[in-house]
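Chain by chain, the residues:
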Amino acid sequence: MALIQVFETGDIIKIAIVSGKGGTGKTTLSVNLISALGKGTLVDCDVEEPDAHLYLDVDLKKIHDATVSCPSIDESLCTFCGACSNFCRANALAVLPSSVLVFPNICNGCGGCVLVCEKKAITEISRPIGIVEYGKKGNIEFYSGLLNIGEAKAPPLIKCVKSFADDKLIIYDSPPGSSCPVVETVNGCDYVVAVTEQTPFGLHDLKMIVGLLRQMNIPFGVVINKFGIGNKEVEEYLSNENIKLLVTIPNSREIAILGSQGILLCESDAKWATFFQDMFDVIVAEVSKCKK
Ligand code: SF4
Ligand code: SF4
């Protein structure tokens, strides 16, 4: 069985679960997949709205304060020459006649301004952006990031949370969309599972994700959730683009009711545990093909 192979061989498998838009069932798939397997690590990379721990029912404890570096100006040394702001591509500095303004939220922490300041008036300080939390349920390890309110720097926190996971099987539950936080989440993954649904919005957002993953050269397959609610356009798109349809999850009243009650599908009925274990086997088979 694929799960045994993963844990008994030297292979490490990193899988990201993504979706072009929220509400597609990405987190439902992530938590059910890891729960059906009963071991491995789940990382909630949706640091602006982490909720996978609620489905898994794990208590979290803070294990790390995440920070980014940011310039601090000593105006007693500054001659207001403007070299730092001229250098800064992010436009995170504004030099006025008698002061220097720093805009921390758009600073990318490159440190270039420190290097170009001949007066040594700039030092780097650490700026908190959020926390990393950890929990455990049976043999499942769980990490989650929580971005500070009003903070715009999701990618560095996602990178930080990912760095804590060390396991043979790691599943990353991505934020929705196809922008920088998703890029950071899928970076370094062996395989990506893109969750979509049979609606015009689902197809539109799936195309965005497909474009991103192809640009990043990361192998991927698609899961259609709530299968049966729409037309055949998503399937036709997958077929035309030669994209692997991994599995379909039916549009079912049973799934909706269990989800609304916060009950994990795979813990509600053995048939669902088998369903997600089989899905994992399909994914691992795809990963193996891509690694050859
Ligand atoms: S480069 Fe240094 S001296 Fe010049 S404006 Fe910036 S902080 Fe001041
Ligand atoms: S660290 Fe880089 S991005 Fe930030 S203010 Fe300095 S030059 Fe700009």
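**Digging into the overall build of the protein**
What the protein contains, in helices and strands, is 12 helices and 11 strands. The principal-axis extent of the C-alpha atoms belonging to the protein is close to 70 × 40 × 40 Å. Counting all 292 residues of the protein, 42% fall into the buried class. A fraction of 74% describes how many contacts in the protein between residues 6 or more apart in sequence connect residues 24 or more apart.

**Some points on the site of ligand 2**
Residues in contact with ligand 2 amount to 13 residues; listed here are only the nearest, Cys88, Ala92, Cys107, Cys110 and Cys113. Residue composition of the shell around ligand 2, by class: nine nonpolar, four polar and no charged.

**A look at the sheet that holds strand S8 (residues 169-173)**
Pairing within the open sheet is mixed, and its nine strands lie in the order S3-S6-S7-S2-S8-S1-S9-S10-S11. Because the sheet does not close on itself, it has two edges, and the strands there are strand S3 (61-73) and strand S11 (245-250). Sheet twist, expressed as the mean angle between neighbouring strand axes with direction ignored, is 20 degrees. The sheet contact formed by strand S6 (residues 122-137) and strand S7 (residues 139-147) spans eight bridges and is antiparallel. When the bridges of S7 are listed, Ile131 appears paired with Leu146. Together, strand S2 (39-44), S3, S6, S7 and S8 form the strand contacts of helix H6 (residues 154-164), whose direction differs from that of S7 by roughly 160 degrees.

**Here's the deal with the site of ligand 1**
Around ligand 1, a shell composed of 14 residues is seen, among which Cys78, Cys81, Ala83, Cys84 and Cys117 lie nearest. Counted by class, the shell around ligand 1 contains 11 nonpolar, two polar and one charged residues.

**Remarks on helix H12 (residues 270-291)**
Taking 1.5 Å of rise per residue, the 22 residues of H12 would be expected to cover 32 Å, and the 31 Å separating its terminal C-alpha atoms lies within 8% of that figure. By the burial criterion, the buried members of H12 are Trp272, Phe276, Phe280, Ile283, Val284 and Val287. For H12, the buried positions fall inside an angular range of 120 degrees around the axis, keeping them on one side. Summarising the geometry of H12, the exposed residues directed more than 90 degrees from the buried face are Ala270, Lys271, Thr274, Ala285 and Lys289.

**Quick word on the pairing of strand S10 (residues 220-227)**
Burial of S10 is extensive: six of the eight residues sit out of reach of the surface. Here strand S9 (residues 191-197) pairs with S10 via six bridges, running parallel. Opposite Val195, over in S10, you have Val223 as the bridge partner. This β-α-β element, S9 to helix H8 (residues 200-216) to S10, shows right-handed connectivity. The pairing of S10 with S11 spans four bridges and is parallel.

**Points about H6**
Of all 11 residues in H6, eight are buried, a share of seventy percent or more. Within H6, the full set of buried residues consists of Ala154, Pro155, Pro156, Leu157, Ile158, Cys160, Val161 and Lys162. Considering only its buried residues, H6 is in contact with S2, S3, S6, S7, S8 and helix H7 (180-186).

**Focus: the environment of Gly221**
Positionally, Gly221 belongs in strand S10. Between the C-alpha atom of Gly221 and that of Val247, which follows or precedes it by 26 residues, the distance is 9.1 Å.

**Focus: the packing of helix H2 (residues 26-37) against H12**
Across the interface, H2 lies against H12 with an axial gap of 8 Å and an inter-helix angle of 95 degrees. As summarised for this structure, H2 and H12 are arranged roughly perpendicular, according to the angle between their axes. For the pair H2 and H12, the contacting residues are Asn32, Leu33, Ala36 and Leu37 in the first and Ala273, Phe276, Gln277, Met279 and Phe280 in the second. Classifying every residue of the contact of H2 with H12 by side-chain character gives seven nonpolar, two polar and no charged.

**Concerning the packing of H8 against helix H9 (residues 233-240)**
Running from amino to carboxyl end, H8 crosses H9 at an angle of 25 degrees, the nearest separation of the two axes being 9 Å. As the angle between them shows, H8 and H9 are arranged roughly parallel. Residue-level contacts link Gly202, Leu203 and Leu206 of H8 to Glu233, Val234 and Tyr237 of H9. Split by residue class, the contact of H8 with H9 holds four nonpolar, one polar and one charged.

**Here's the deal with unusual backbone geometry**
A positive phi angle, near 60 degrees, is found at Asp57, a position not held by glycine. As for its position among the elements, Asp57 is in the loop between helix H3 (52-56) and S3. Even without glycine at this site, Asn242 takes up a positive phi of about 55 degrees. Mapped onto the secondary structure, Asn242 falls in the loop between H9 and S11.

Thresholds, definitions, all that
- Every chain is numbered on its own, with residues counted from 1 as its sequence reads.
- Naming scheme: in the order in which they are written, chains are lettered from A and ligands are numbered from 1.
- Where local features are concerned, this predicted model is filtered to residues with pLDDT of at least 70; where side-chain atom pairs are given and counted, the filter is 80 or more; whole-chain, interface and lining totals use all residues.
- Strands are runs of DSSP state E lasting at least two residues, helices are runs of H or I lasting at least four, and both sets are numbered from the N terminus onward.
- Put simply, a residue is buried when 20 or more other C-beta atoms lie within 10 Å of its own C-beta and exposed when 12 or fewer do; between those, it is partly exposed, and each C-beta is set from the backbone.
- We call two residues in contact if the C-beta atoms placed from their backbones are at most 7 Å apart.
- Throughout this description, a residue near a molecule or strand is one whose C-beta atom, derived from the backbone, lies within 6 Å of it.
- Polar here means any residue outside two lists: the nonpolar Ala, Val, Leu, Ile, Met, Phe, Trp, Tyr, Cys and Pro, and the charged Asp, Glu, Lys and Arg; Gly therefore counts as polar.
- Strand pairing requires that DSSP identify at least two bridges connecting the strands.
- Between N-to-C directions, angles span 0 to 180 degrees; the directions come from axes that are lines fitted to C-alpha atoms, helices contributing only their stretch in contact.
- By this rule the span expected of a helix is its residue count minus one, scaled by 1.5 Å.
- The arc in question is traced by the directions running from the helix axis to the C-beta atoms.
- The path from the first strand over the helix to the second decides the hand: if it runs clockwise while the strands point away from the viewer, the crossover is right-handed.
- If an angle is under 35 degrees, it is roughly parallel; if it is over 145, roughly antiparallel; if it lies from 65 to 115, roughly perpendicular; otherwise it is oblique.

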